[in-house]
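Given next are the chains, with one letter for each unit.
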Amino acid sequence: MTPVNRDVPALQAALAVEHAAVYGYGLLGARVQGGQQVAVANVWNVHKARRDRLAQLITGLGGRPVAAQPAYKLPVQVTSPGTAVQLAAALEGSLPEAYMGLAGAADPSLRRLAAQAMQDAVTRQIRWGGHPPDTAFPGLTAAELAPRS
Amino acid sequence: MSPLPTGDLSLKTIDSQTRQRSFEQLTGVPYGMLAPGRADAGQERDPLPTSTERLRRRAVLGALAAGLPVLTSCSKDKPRPMPTPRPDVAVLTGAITTEQSLIALYGAVGTAHPALQARLAPLLSHHKQHLTVLQRHYRPGTTTGSPSPTPSPVAPTLPSGQSRALAALRTAELQAAAARTRDLAAVPAGLAQLFASISTCEAAHAALLGAPA
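Owing to the predicted nature of the structure, the values given are computational and were not obtained by experimental measurement.

Asker: Is there a simple way to think about the overall build of chain A in this case?
Answerer: Per the secondary structure count, chain A includes six helices and zero strands. Secondary structure elements of chain A occur, N-terminal to C-terminal, as α-α-α-α-α-α. Radius of gyration (C-alpha) of chain A: 16 Å, near the 15 Å computed for a compact globule of 149 residues. When the backbone C-alpha atoms are referred to their principal axes, chain A occupies close to 50 × 40 × 25 Å. Going through the 149 residues of chain A one by one, you find that 46% of them count as buried. The long-range share in chain A, meaning contacts at least 24 apart out of those at least 6 apart in sequence, stands at 70%.

Asker: Help me out: how do you make sense of the overall build of chain B in this one?
Answerer: A count of helices and strands for chain B gives seven helices and zero strands. Start at the N end of chain B and walk to the C end: the helices and strands fall as α-α-α-α-α-α-α. The buried share of chain B, taken over its 213 residues, is 36%. Residue pairs in contact within chain B that sit at least 24 positions apart in sequence constitute 71% of those at least 6 positions apart.

Asker: It is not clear to me how the nonpolar core should be interpreted in this structure. Could you clarify?
Answerer: A general tendency of soluble globular proteins is for nonpolar side chains to be buried together. Core analysis: the largest hydrophobic core is formed by 79 residues, its most contacted members being A14, Y99, L102 and A114 of chain A. Counting residues per element, this core draws most heavily on helix α7 (residues 189–210) of chain B, which supplies 14 residues. A14 of chain A has contacts with L54, A98, Y99, L102 and A114 of chain A, leaving out every residue within four places of it along the chain.

Asker: I tried to follow the packing of helix α3 (residues 81–93) of chain A against helix α5 (residues 108–127) of chain A on my own but got confused; where do I start?
Answerer: The description of two packed helices rests on the angle between their axes and on the distance between the axes. All names here are of chain A. Interaxial distance between α3 and α5 falls to 8 Å at its minimum, and their mutual angle equals 160 degrees. The orientation of α3 relative to α5 falls into the category roughly antiparallel. Seen along the crossing, α3 lies across α5 with a hand that is left-handed. Between α3 and α5, the contacting residues are A89, E92 and G93 on the first element and A121, R124 and Q125 on the second. Taken together, the residues that form the contact of α3 with α5 break down as two nonpolar, two polar and two charged.

Asker: For this particular structure, what's the right way to read the packing of helix α1 (residues 8–28) of chain A against helix α4 (residues 95–103) of chain A?
Answerer: Residues and elements named next belong to chain A. For the pair α1 and α4, interaxial distance at closest approach is 7 Å and the crossing angle is 160 degrees. The orientation of α1 relative to α4 falls into the category roughly antiparallel. In the crossing of α1 with α4, the sense of the turn from one axis to the other is left-handed. Here α1 contributes A10, L11, A13, A14, V17 and A21 to the contact with α4, which in turn contributes L95, A98, Y99, G101 and L102.

Asker: I keep staring at helix α2 (residues 35–60) of chain A and nothing clicks. Help me out?
Answerer: For an α-helix, 3.6 residues make a turn, and residues three or four places apart therefore share a direction. All names here are of chain A. With 26 residues, α2 should reach 38 Å at 1.5 Å per residue; the first-to-last C-alpha distance of 38 Å fits that figure. Taken together, the buried positions of α2 are V40, V43, H47, R50, R51, L54, A55, L57 and I58. Contact partners of the buried residues in α2: α1, α3 and α5. The positive-phi residue at the C-terminal boundary of α2 is G62, with phi of around 90 degrees.

Asker: I tried to follow α4 of chain A on my own but got confused; where do I start?
Answerer: Across the nine residues that make up α4 of chain A, a large majority, nine, are buried. Among all positions in α4 of chain A, only L95, P96, E97, A98, Y99, M100, G101, L102 and A103 of chain A are buried.

Asker: What exactly am I supposed to notice about the environment of E99 of chain B here?
Answerer: Topologically, E99 of chain B is positioned in helix α4 (residues 87–112). Residues contacting E99 of chain B, with those up to four places away along its chain left out, are H127, H130, L131 and L134 of chain B.

Asker: Help me understand the environment of A178 of chain B in this model?
Answerer: Take A178 of chain B: it is sitting in helix α6 (residues 162–182). On a C-alpha basis, the gap between A178 of chain B and S199 of chain B in space is 7.3 Å, while along the polypeptide they are 21 residues apart.

Asker: What is the right way to read the confidence of the model for chain B from this model?
Answerer: Residues and elements named next belong to chain B. Looking at chain B as a whole, its pLDDT mean stands at 67, while 51% of the residues score no less than 70. Here residues 1–18 scores under 50 on pLDDT; set against residues more than four positions off or in separate chains, the count is 41 contacts. Note that residues 140–151 has pLDDT below 50 and, in this model, 13 contacts with residues that lie over four places away or in other chains. Reported for the predicted complex are a pTM of 0.75 and an ipTM of 0.93.

Rules and cut-offs
Residues numbered from 1 in each chain as written. Chains lettered and ligands numbered in written order. Predicted model: local features only at pLDDT ≥ 70, side-chain atom pairs only at ≥ 80, totals over all residues. Helix = DSSP H or I, 4+ residues; strand = E, 2+ residues; numbered from the N terminus. Rg over C-alpha atoms; globule rule 2.2 N^0.38 Å. Buried ≥ 20, exposed ≤ 12 C-beta atoms within 10 Å, placed from the backbone. Contact = placed C-beta atoms within 7 Å. Core = buried A, V, L, I, M, F, W, Y, C linked by C-beta atoms within 7 Å. Axes fitted to C-alpha atoms, helices over the stretch in contact; angles between N-to-C directions. Parallel < 35°, antiparallel > 145°, perpendicular 65-115°, else oblique. Left-handed = near helix turned anticlockwise from the far one by under 90°. Nonpolar A, V, L, I, M, F, W, Y, C, P; charged D, E, K, R; others polar. Expected span 1.5 Å × (residues − 1). pLDDT = per-residue confidence, 0-100.

Laid out in structure tokens, this is it:
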């Protein structure tokens, strides 16, 4: 059995959430209007490219990329252009935590890829009108920061 | 005493337990359970570490803590084989300086434009938290000293006008995020995760500062 590179699990965690983002943007893209259609299409392509890049990296390191689920339970029910944009912001908000493992990868280039993806995600989250991360340490949850009782 | 297990500071695998270990190395606080409903929630393991894992974490934390003051404390002991100075000491100092400069800049903008203070307060608070955690790394275990941030005395020069002051803050945030991203290769895995988180916070600040009030 070929040993799998130790960075593969972190790549898989990021890929799993990029799959969900690609699914979510595909769904919400049908609901937005006007200029936002172009913006959503552009971001959708960004996530597809990240998904493909992560899968390629996993394969290159001897892993088998996790497959997309047939459907995802999304945090916002899309019923209007407004809720579509809310979903876009929520999807971006889920990314920093998913990339956090990769930010501690053995390969420095993967750390940079993760940090860039996290920075891009919060930037888009705010541009979609989402609430900025309510923490000084995005990607690390509030529970993680709570003092030991 | 055996040599510092420097190589072991990197993450072996990035499952939740490893993140936990890495996070606790950084902050000295326990890593809680991840929020439910995440895509990887099914892979989460028991958030409570076993006692063996606690010991291992402490050992690693000890190694990290012992490694940091090497530059100042080792020059006296000639006969000892000199541990290699860790490159992350300088990197950590740089990160601390960046946060101090940002805090000073926010202070200067707030003084010059009191109307902006309410908008800037949460962002300034984030930087003070960054500084606190970074300083905890630099001098691990020194809980008696005042942890209050002491911004560098350099008075930042501000462009005149509110919108230019905001633009200066935005630029400083983007530069800080870029610097921490560049530093990722030079630090142990746990510190890299902290830098990634801080850089993400700074990118968010830049986006907020670029948005209309």
